[in-house]
Amino acid sequence: MKPEQIVPGALGFVLGAALICGLAGLAFGLWQAVERARVAAVAPPPAAVSPLAPAPASTPTTAPPPTPVLGSAGIISASSAEALLESAAWSSGALTVTVRFRQIPGDYLFEPPVLRAGEQEHRPTEESLKAARLALLGLVTDSEARAQFVFAGVQRESGAGDLVFNPGSRPENVVTPLVVVDVTWSPALTPTPRN
């Protein structure tokens, strides 16, 4: 064998081995995603809590998450399990939306979120997007995180729309999933989630 044949042959072997390892890793990742989805599909629903029963004073209570709903954009929303609206308030042409995230398996800020209100689309300010990315890093050690998004240029004092995370993706994408959170806002500073 000539020396000039050894280098391309070795390079081909190394590239082939790297391709096989990469495909094996991708297959393993997909298998894990399917297993997580299968386990979530067969898990029993959480026990219902009666709204009339008083809560114990020393223990904080949380209601079971609502079932996924069809967002006004026509997209099935996974917001019931992963992203919940905490508050939305309008002030001086800007809308501030606070969202609570739980155990995110993927990156919901891979693409900047979009607030779709009627025919208009609004993007969050760069500062609020940076702060939200830092807040979501808390999910590495905690089971939930809160992020606040500020949308400048919202002209209506009250309204409704959809906050769309990863607008160019699909709901079944486990790495960068499409998630839609229904938002209703008013000038008041009280939470106004729309179910």
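Sequence order sets the numbering: in each chain, residues are counted from 1 along the sequence as written. Restriction of local features to residues with pLDDT of at least 70 applies here, the model being predicted, together with a cutoff of 80 or more for giving and counting side-chain atom pairs; totals for whole chains, interfaces and linings are based on all residues. As a rule here, side-chain values cover all heavy atoms of the structure and leave hydrogens and water aside.

*Asks:* Help me out: how do you make sense of the sheet that holds strand β6 (residues 159-165) in this one?
*Replies:* For sheets, the rule is that strands pair by backbone hydrogen bonds, running either parallel or antiparallel. In this description, strands pair whenever DSSP reports at least two bridges between them. Secondary structure elements follow DSSP: runs of H or I of four or more residues count as helices, runs of E of two or more count as strands, with numbering from the N terminus. The strand order across the open sheet formed by four strands is β4-β3-β6-β7, and the pairing between neighbours is antiparallel. Single-partner strands in this sheet number two, and they are β4 (120-122) and β7 (179-185). Sheet twist, expressed as the mean angle between neighbouring strand axes with direction ignored, is 25 degrees. Judged from the three bridges that link them, strand β3 (residues 114-117) and β4 form a sheet pairing that is antiparallel. Looking across to β4, one finds that Arg 116 is bridged to Glu 121. Here an angle of 0 to 180 degrees is reported between the N-to-C directions of two axes, which are lines fitted to C-alpha atoms, with helices fitted over the stretch in contact.

*Asks:* Just to check I follow, could you spell out the pairing of strand β1 (residues 83-91) for this structure?
*Replies:* Within a regular beta strand, the side chains point alternately toward one face of the sheet and then the other, so they alternate between its two faces. The buried fraction of β1 is high, at seven of nine residues. Pairing analysis gives eight bridges linking β1 to strand β2 (residues 94-102), with the strands arranged antiparallel. Following the sheet pairing, Leu 84 is matched in β2 by Arg 100. To sort residues, take the accessible area from a 1.4 Å probe on protein chains only and compare it with the maximum for the residue type: under 20% means buried, over 50% means exposed, and anything in between is partly exposed.

*Asks:* Which parts of the structure should I look at to understand unusual backbone geometry?
*Replies:* Keep in mind that most residues, glycine aside, have a negative phi and that most peptide bonds are trans. The backbone of Ser 92 sits at a positive phi, close to 55 degrees, despite the residue not being glycine. Here Ser 92 lies in the loop between β1 and β2. The residue Asn 166 is not glycine, and still its phi comes out positive at about 55 degrees. Within the secondary structure, Asn 166 sits in the loop between β6 and β7.

*Asks:* Any chance you could explain the pattern of salt bridges here in plain terms?
*Replies:* When the charged atoms of two side chains lie near each other, side chains of opposite charge can form a pair. Any Lys or Arg side-chain nitrogen located within 4 Å of an Asp or Glu carboxyl oxygen qualifies as a salt bridge. Under the definition given, this model contains three salt bridges. Across the pair Arg 146 and Glu 86 runs a salt bridge, and its minimum N-O distance is 2.7 Å. In this pair, Arg 146 is assigned in strand β5 (residues 144-152) and Glu 86 in strand β1, connecting sequence segments 60 residues apart. Residue Glu 144 pairs with Arg 146 through a salt bridge whose shortest N-O separation is 3.3 Å. Classification of Glu 144 by relative accessible area gives partly exposed; the value is 29%.

*Asks:* Explain the confidence of the model for the chain here, please?
*Replies:* Detailed reading of the predicted coordinates is not advisable wherever pLDDT falls low. The quantity known as pLDDT measures the predictor's confidence residue by residue, on a range of 0 to 100. Across the chain, the average pLDDT comes to 73, with 63% of residues at 70 or higher. Confidence scores differ between elements of the chain, with helix α1 (residues 3-42) showing the lowest mean pLDDT of 69 and helix α2 (residues 126-136) the highest of 92.

*Asks:* Explain the packing of aromatic side chains to me, please; I cannot follow it from the model alone.
*Replies:* Any pair of aromatic rings gets described here by the distance separating the centres and the angle formed by the planes. Two aromatic rings from Phe, Tyr or Trp, using only the six-membered ring of Trp, form a pair when their centres are within 6.5 Å; if the ring planes differ by under 30 degrees the pair is stacked, by over 60 it is edge-to-face, and anything between is tilted. Taken as a whole and assessed by the stated rule, the structure comprises three aromatic pairs. Centre to centre, the rings of Phe 101 and Tyr 108 are 6.5 Å apart; their planes meet at 20 degrees, and the pair counts as stacked. In this pair, the class of Phe 101 matches that of Tyr 108, namely buried. Through pairs of rings, three or more aromatic residues link up here, namely Phe 101, Tyr 108, Phe 149 and Phe 165.

*Asks:* How should the nonpolar core be read in this particular structure?
*Replies:* Most often, soluble globular proteins have nonpolar side chains that are buried together. Nonpolar cores are built from buried Ala, Val, Leu, Ile, Met, Phe, Trp, Tyr and Cys residues. Side-chain atoms within 4.5 Å join them into one set. Counting residues in each nonpolar core, the largest one holds 27 residues, and the members touching the most others are Val 97, Phe 101, Phe 149 and Phe 165. Of all elements in the fold, only β1, β2, β3, α2, β5, β6 and β7 reach the threshold of two or more residues within this core. In this structure Phe 165 touches Val 99, Phe 101, Tyr 108, Leu 109, Pro 113, Phe 149, Pro 177, Leu 178, Val 179 and Val 181, once residues within four positions along its chain are discounted. Contact definition: two residues touch when any of their heavy atoms are within 4.5 Å.

*Asks:* Explain α2 to me, please; I cannot follow it from the model alone.
*Replies:* Since the α-helix advances by 3.6 residues per turn, residues separated by three or four positions end up pointing in the same direction. What α2 keeps buried is the set Ser 128, Leu 129, Ala 132 and Leu 136. Looking straight down α2, one finds its buried side chains confined to an arc of 100 degrees; they lie on one side. Relative to its buried face, α2 has exposed residues pointing more than 90 degrees away, namely Glu 127, Lys 130 and Leu 134. Those residues of α2 hidden inside the fold are in contact with β2 and β5. The arc in question is the one traced by the directions running from the helix axis out to the C-beta atoms.

*Asks:* Even after reading the chapter, I still don't get the environment of Leu 95, so can you show me in this structure?
*Replies:* By the element assignment, Leu 95 lies in strand β2. Taking C-alpha positions, Leu 95 is 9.0 Å from Pro 187, a pair spaced 92 residues apart along the chain. If we ignore the near neighbours within four places in the chain, the residues touching Leu 95 are Ala 88, Ala 89, Trp 90, Leu 115, Phe 149, Val 150, Phe 151, Val 154 and Trp 185.

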